[in-house]
Amino acid sequence: MSTDTGDQYQEILQGLYGMLERFPTRNIDLQEQTDLVADMGLDSINVMELLQEIEDRFDIIVPLNVMSDVRTVQDLATQVQRLIRENS
Amino acid sequence: MQPTGSSHDLGLRPSTFSTLCEALDYAAGGETGVNFYNGRGELYCALSYGELREQSLELARRLLGLGMEKGDRVALVAETTPDFVRFFWACQYAGLVPVPLPATVHIGGHQAFVNQLRKLLENCRAEAAMAPEEWLSFLQEATEGLELRCVGTPDVFDALEPAVGELPGAEPQDTAYIQYTSGSTRFPRGVVIDHATVLANINDMALNGLRLNDQDRFGSWLPFYHDMGLVAFIIMPMATQRSVDFLGTRDFAMRPRQWLELMSRNRATITSAPPFGYDLAAMRVRASDAEKWDLSNWRVACVGAELISPEPLQRFAEALAPAGFNPRSYVACYGMAECSLAISFAPLGEEMAVDCVDAEHLQQAHEARPLDPETAEREGVRVAKYVDCGPLLPTFEVSIRDDDGNPLPERHVGSIHLRGPSVMSGYFEDEASTREVMSPDGWLNTGDVGYLVDGNLVVTGRKKDMIIVHGRNIWPQDLEFLAKQQPGVRFTDAAAFAVTDEHQHETAAIVVQCRERDPARRDELVKNIKGQVRAEFGIECVVELVPPRTLPRTSSGKLARSRARQEFLARRAAETAAPSQANVVNGPGKAAAPPVEENRDRARRLA
């Protein structure tokens with residue numbers, strides 16, 4: 001990973017942490033390996049809210065087939081980075 | 001691009017046709033049609049019924065080019081797209097049977113969704129299957145090893161060699177579609193609906209439930225694989241020559257304000273949603289929205305499909321009052337896929353009526369004795385409140401029966417039996433399940449429980465053991481199955497049922513018998529079950545681990561789910577009373593409040 005993409009990834013990750021903190025997190029420490037559903041307990045309505053924030057903030061459209069394979073914060077950040085790259 | 005208009009010179013014919021093909025032939029003579037909006041509120045496709053008919057006829061020939069025969073099933077992943085609608089009507093002209101498949105996958109739910117699709121494809125023995133581009137990979141996985149004539153995106157079907165000769169079309173008794181709303185995901189049951197059947201229900205709704213006029217316009221975000229989305233918003237507008245505006249379900253869930261923006265912009269008059277839909281929208285509406293919107297044309301806001309709690313509806317009405325939303329637009333309704341769609345509507349333009357009855361007497365004597373809340377409070381008697389779902393549509397015969405099948409008088413609670421021209425012919429190729437619910441003389445046992453007051457239907461409980469979250473039916477067997485898949489959990493070890501959380505929302509609880517003593521492994525088990533349930537159903541559930549032989553069984557060894565539920569609630573209540581002794585429950589602490597019986601019983605469903 002070059003420094004640039006590494007920086008971009010970190011920026012996305014921090015952005016995601018900011019969004020995720022507003023959901024009921026059951027006092028867990030958010031980390032890259034935190035499982036969005038199993039650890040955080042996000043339900044389908046929460047996920048939709050999160051997606052809306054992600055789409056608006058990063059100006060991307062997140063296709064469905066992407067989310068069906070996302071489990072952790074890291075998975076999500078990686079996909080967001082990929083979508084931003086494809087967009088530019 | 002301009003949306004299709006709301007009115008035209010073509011005379012309103014409220015579904016007085018013998019087949020859906022005949023209905024579309026008629027609607028094609030007008031100027032109304034279907035309109036599709038994206039998540040940013042932009043119109044991306046507007047088709048008049050005339051254009052839709054032309055495209056459907058063209059596609060019908062290409063479908064027949066695959067060599068399919070009359071009555072063969074074509075599975076359609078039912079994303080909210082113009083293609084779904086085009087395929088649905090093409091199947092009618094081609095004499096084929098469209099089968100809408102769910103288009104909803106939860107985060108991390110890849111495999112669960114593929115399995116579900118495969119079950120349905122196998123159950124209906126589909127000859128062909130269509131999915132939009134973004135769903136294709138799931139469909140391909142689900143059809144691996146199955147012998148279908150064609151699996152692909154709309155483009156693939158549009159490139160097929162068309163058949164020559166006359167299109168077979170349809171007869172009134174031909175199957176119009178198969179609906180999988182009511183079955184469990186593991187043991188699906190396809191509701192078979194004929195042309196005459198669905199048209200009878202729509203005619204009844206148009207004339208009596210909704211009293212359609214020639215200015216009405218529909219708006220919806222409901223999924224096309226749901227009976228309300230399909231029948232009330234695809235078939236009904238077409239069969240009554242009305243325009244309809246569609247917003248994708250996922251787009252609604254992400255940006256609920258778009259629904260109201262759209263209702264306002266096109267001055268739509270009729271929409272429908274489960275209570276949670278109004279709730280979601282109310283949470284996101286801004287004061288500035290309500291000032292700029294005009295919802296004064298909105299005359300029917302149907303509420304159905306799940307437990308109706310008045311609070312979110314009140315919040316919604318208050319937030320939208322500045323936009324001219326009238327709370328008398330709310331119409332409580334009751335229905336199910338087995339009856340095409342609708343069974344009863346509360347009267348239009350009236351406030352939602354609530355029947356207050358003596359809760360104790362209801363439980364003991366199964367009689368709904370009226371009791372006004374003030375008297376009840378003075379005398380310290382518990383009141384149960386139920387929303388009145390109005391008179392049955394006139395084509396239905398209703399009979400409330402006791403457990404032995406004897407008819408009961410008014411205000412006596414029993415299972416709701418219905419007969420009439422809107423009732424299904426049966427479950428697809430499943431005689432045993434059909435016989436379970438239908439008598440030879442045409443009575444359908446809905447499985448739901450309720451009573452009649454002056455001919456109005458009041459529903460107090462629904463299909464045995466069903467769990468309803470966000471308007472979706474979840475079968476306890478499916479949740480139990482997921483628990484039993486875990487290592488160390490045996491086949492007889494799980495019981496699932498509905499409970500209400502601290503916000504009075506219905507959710508699921510699963511009690512699992514567990515021999516494990518190591519706390520870390522116990523936590524792991526709970527976490528895994530919850531994760532599986534989320535992946536498959538997208539809901540948060542409560543999981544309780546109990547020692548072996550805790551779950552109650554009947555004398556024949558069958559799981560006694562309602563008793564398991566009562567015992568669970570009793571344990572919860574004891575735990576709340578003495579929190580220091582809490583050591584068995586592994587559910588989230590925030591859901592520890594004992595569920596309230598009355599609220600669960602206020603259940604109302606529109607399939």
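All values derive from a computational prediction rather than experimental measurement.

Rules and cut-offs
- Residues numbered from 1 in each chain as written.
- Chains lettered and ligands numbered in written order.
- Predicted model: local features only at pLDDT ≥ 70, side-chain atom pairs only at ≥ 80, totals over all residues.
- Buried ≥ 20, exposed ≤ 12 C-beta atoms within 10 Å, placed from the backbone.
- Helix = DSSP H or I, 4+ residues; strand = E, 2+ residues; numbered from the N terminus.
- Pairing = 2+ DSSP bridges.
- Contact = placed C-beta atoms within 7 Å.
- Nonpolar A, V, L, I, M, F, W, Y, C, P; charged D, E, K, R; others polar.
- Expected span 1.5 Å × (residues − 1).
- Axes fitted to C-alpha atoms, helices over the stretch in contact; angles between N-to-C directions.
- Parallel < 35°, antiparallel > 145°, perpendicular 65-115°, else oblique.
- Left-handed = near helix turned anticlockwise from the far one by under 90°.
- Core = buried A, V, L, I, M, F, W, Y, C linked by C-beta atoms within 7 Å.
- Domains from an automatic or database assignment.

## Considerations on the pairing of strand 8 (residues 191–194) of chain B
All names here are of chain B. Burial along strand 8 is two-sided: the residues V191 and I193 and V192 and D194 are all buried. Bridge analysis of strand 7 (residues 175–179) against strand 8 gives four bridges, and the strand direction is antiparallel. Across the sheet, the residue bridging to Y177 is I193, located in strand 8. Pairing analysis gives two bridges linking strand 8 to strand 19 (residues 426–427), with the strands arranged antiparallel. When the bridges of strand 19 are listed, V191 appears paired with Y427.

## Considerations on the interface of chain B and chain A
At the interface, 22 residues of chain B touch 20 residues of chain A. Every element with two or more residues in the side of chain B that touches chain A is listed here: helix 4 (110–124), helix 5 (133–143), helix 9 (249–254) and helix 18 (519–537) of chain B. For the side of chain B that touches chain A, the element with the highest residue contribution is helix 18 of chain B, accounting for five residues. Residue composition of the side of chain B that touches chain A, grouped by class: nine nonpolar, seven polar and six charged.

## Topic: unusual backbone geometry
All names here are of chain B. Unlike most non-glycine residues, E429 shows phi in positive territory, near 45°. Residue position: E429 is located in the loop between strand 19 and helix 16 (431–437). For E429, a count of 14 C-beta atoms within 10 Å corresponds to the partly exposed category. Look at R549: it is not a glycine, yet its phi comes out positive at around 65°. Along the chain, R549 turns up in the loop between strand 26 (541–546) and helix 19 (561–577).

## Some thoughts on helix 2 (residues 44–58) of chain A
Residues and elements named next belong to chain A. Its 15 residues give helix 2 an end-to-end C-alpha distance of 21 Å, which sits within 8% of 21 Å, the value for a rise of 1.5 Å per residue. Buried within helix 2 are the following residues: S44, N46, V47, M48, E49, L50, L51 and I54. Once helix 2 ends, the next one or two residues include D59, with phi positive near 55°.

## Examining the sheet that holds strand 18 (residues 414–419) of chain B
Residues and elements named next belong to chain B. Judged by pairing direction, the sheet is antiparallel, and its six strands sit side by side in the order 15-16-21-20-18-17 without closing on themselves. Looking at strand neighbours, the two that pair on one side only are strand 15 (354–358) and strand 17 (397–401), the edges of this open sheet. Taking the axes of each pair of neighbouring strands and ignoring which way they run, one obtains an average angle of 50° across the sheet. Both strand 16 (residues 383–391) and strand 21 (residues 456–461) contribute to a ladder of two bridges, which runs antiparallel.

## Points about the packing of helix 17 (residues 476–484) of chain B against helix 18 of chain B
All names here are of chain B. Following both chains from N to C, one finds helix 17 and helix 18 inclined at 135°, their axes separated by 9 Å at the closest point. In this view, helix 17 runs oblique relative to helix 18, as classed from their interaxial angle. Considering only the axes of helix 17 and helix 18, their crossing is right-handed. Between helix 17, through L479, L482 and A483, and helix 18, the contact on the second element is made entirely by I529, Q532, V533 and E536. Partitioned by chemical class, the residues of the contact of helix 17 with helix 18 number five nonpolar, one polar and one charged.

## Topic: the nonpolar core
Within soluble globular proteins, side chains that are nonpolar generally end up buried alongside one another. Residues and elements named next belong to chain B. Within the largest apolar cluster, 179 residues are counted, with the highest numbers of intra-cluster contacts made by L63, V74, L76, V99, I235, V331 and C333. The dominant element in this core, judged by the number of residues it contributes, is helix 8 (residues 227–239), at 10 residues. Residues lining this core come from more than one domain, with at least three contributed by each of domain 1 (20–345) and domain 2 (386–461). Excluding residues that lie within four positions of it along the chain, V331 makes contacts with V300, A301, C302, V303, F345, A346 and L348. In this structure, A508, L525, V543 and L545 belong to the second largest nonpolar core, which totals 33 residues.

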